[in-house]
Amino acid sequence: MADQLALLPKLHHQFPKTRYQGSKAKLTKWIWDSISFLDFDTCLDAFGGTGTVSYKLKQEQKQVTYNDSLKFNYWIGQALVENSTVVLEDHEVDWILNTYNDSYPSLITETFQDIYYLDEENEWLDKVIWNIHQMKNIYKRSLAFFALAQACIMKRPYNLFHRKNLYVRTANVKRSFGNKSSWDRPFESWFRHFVAEANQAVFSSGKACYATNLDVYSVRSKYDLVYLDPPYISGKGVAVDFRDFYHFLEGLVNYSQWRDMIDMTSRHRRLIRQANDWTDRSRIYKAFERVFERHAESILVVSYRSDGIPSESELIRLLSRFKTDVRIERFRNYQYVLSKNKRSNELLLIGQ
């Protein structure tokens, strides 16, 4: 009976649909099929991102630690990976959406006018994120934030916050992309929709899982397997900077400190930029080397793209310094949204 119950998470719980740039949602089954034969129980998802890989490993009854240096991602990992029993009840959703006074903070209303959302939507966001921050249960708070973040993304052209472009949504023109009905659907409706998606995803695998919010170099090193899916630098040296793409979500989880984090000279009010080894082509090699060395006693599994920096051969050479057996799996002809490169392969390097 216990073995039969262990199968239930795979059958009845699904990771919510994700709209994040670079998500591995469509590759998760391939990744699992490529590593399922490996002998491991404890595992670290060091650049957890959307949480799709961590969630799959949890479904497979592994003891998972999800980590991400971005706090908004960490809250999502907390909601869907670490959390095993807590859901948001209808009356709690109503509480989040209710108005309790006439003097809510107005950071979004004042700072982001005509940038991402309409004035009344900005006021709604100020109220709801403030209410969410008042929640005492960390998992209920994180579930609520997940729903809010997904609603924010759904109402954005390109699902990103990389430019000031509210006009794309509001202009009365014929469009060749996007879904204006999704953009214009009320925030409250989207919020309730994504609460339901998050609630159905909550389950217990019977193993303790954890979420951490650490710099990747600071994560402890005692895991059977370490999965690495770092930001990608293209062959032309253009980096994917998730903090830049989703700065608005990072601001929401740091609401009380957000004003001091904003680069007010930027038109779209991004966060003040921080140095990052993983988006700097001159430092990326040393970054991989440091992480490989830190987790040299673990099985190392690396997701990357064949057209990136470091190159495929360079990554193999780096990984071979710490592992005697390096194998490569390829997912051919996979193209990310917004990517124009149709010739790159998704790579999975496995070092033992």
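Residue indices begin from 1 for each chain and proceed along its sequence in written order. This being a predicted model, a pLDDT of at least 70 is required before a residue's local features are given, and a value of 80 or more before pairs of side-chain atoms are given or counted; all residues contribute to the totals for chains, interfaces and linings. Neither water nor hydrogens contribute to the side-chain values; these are computed over all heavy atoms in the structure.

Draft legend 1. Broad picture of the overall build of the protein chain. Across its full length, the protein chain holds 17 helices and 7 strands. Computed over C-alpha atoms, the radius of gyration of the protein chain comes to 21 Å, within 12% of the 20 Å expected from 2.2 N^0.38 for 352 residues, which places it in the range of a compact globule. Considering only C-alpha atoms, the protein chain reaches an extent of 65 × 55 × 40 Å along its principal axes. The classification of residues rests on relative accessible area computed with a 1.4 Å probe and restricted to protein chains. Under 20% of the type maximum is buried, over 50% is exposed, and intermediate values are partly exposed. Across the 352 residues in the protein chain, those meeting the buried criterion constitute 55%. The contact criterion used is simple: two residues touch if any of their non-hydrogen atoms lie within 4.5 Å. Once local pairs closer than 6 in sequence are excluded, the contacts in the protein chain between residues at least 24 apart make up 75%. The Shrake-Rupley method, run with a 1.4 Å probe sphere, supplies the accessible areas, and residue values consider only the shown protein chains as cover. Carbon and sulfur atoms provide 48% of the accessible area of the protein chain, an area that totals close to 16400 Å². Under this rule, positive means Lys or Arg and negative means Asp or Glu; His and the chain ends count for nothing. Every charge is mapped to an atom, namely NZ of Lys, CZ of Arg, CG of Asp or CD of Glu. With 49 positive and 42 negative side-chain charges, the protein chain shows a spacing of 5 Å between the two charge centroids. Per the convention used, a helix needs a DSSP run of H or I reaching at least four residues, while a strand needs a run of E reaching at least two, with both numbered from the N terminus. Our radius of gyration looks at C-alpha atoms and nothing else; its globule reference is 2.2 Å times the residue count to the power 0.38.

Draft legend 2. Focus on the confidence of the model for the protein chain. The predictor attaches a confidence to each residue, and that confidence, scored 0 to 100, is pLDDT. Mean pLDDT over the protein chain works out to 92, with 92% of the residues at or above the 70 mark. Across residues 1-11, confidence stays below pLDDT 50; counting only partners more than four residues off in sequence or on other chains, it has 9 contacts.

Draft legend 3. Looking closely at the pairing of strand 2 (residues 63-67). Along strand 2, 4 of the 5 residues are buried, which leaves the element largely enclosed by surrounding structure. Strands are treated as partners if at least two bridges between them are detected by DSSP. Where strand 1 (residues 42-45) lies against strand 2, 4 bridges are found, and the strand directions are parallel. Its bridge partner being in strand 2, Cys-43 is matched across the sheet by Val-64. Crossover handedness for the path strand 1 to helix 4 (residues 52-59) to strand 2: right-handed. Look down the strands so they point away from you; if the path from the first strand over the helix to the second goes clockwise, the crossover is right-handed.

Draft legend 4. Inspection of the nonpolar core at higher detail. Joining through side-chain atoms within 4.5 Å is the link that ties buried Ala, Val, Leu, Ile, Met, Phe, Trp, Tyr and Cys residues into a set, and such a set is a nonpolar core. Ranked by size, the top nonpolar core spans 107 residues in total, and within it Phe-191, Phe-248 and Leu-249 carry the most contacts. Here this core takes 11 residues from helix 9 (residues 138-154), the largest share from any one element.

Draft legend 5. Just a negative patch on the surface, in detail. On the surface, Asp-114, Asp-119, Glu-120 and Glu-123 cluster together into a patch of negative charge. Residue placement: Asp-114 occurs in the loop between helix 7 (107-111) and helix 8 (119-133). Given a relative accessible area of 46%, Asp-114 falls into the partly exposed group. Each patch is assembled from residues with relative accessible area greater than 30% and no salt bridge, linking like charges that lie within 9 Å and nonpolar side chains (Val, Leu, Ile, Met, Phe, Trp, Tyr) that lie within 5 Å. Salt bridge, as used here: a side-chain nitrogen of Lys or Arg that lies within 4 Å of a carboxyl oxygen of Asp or Glu.

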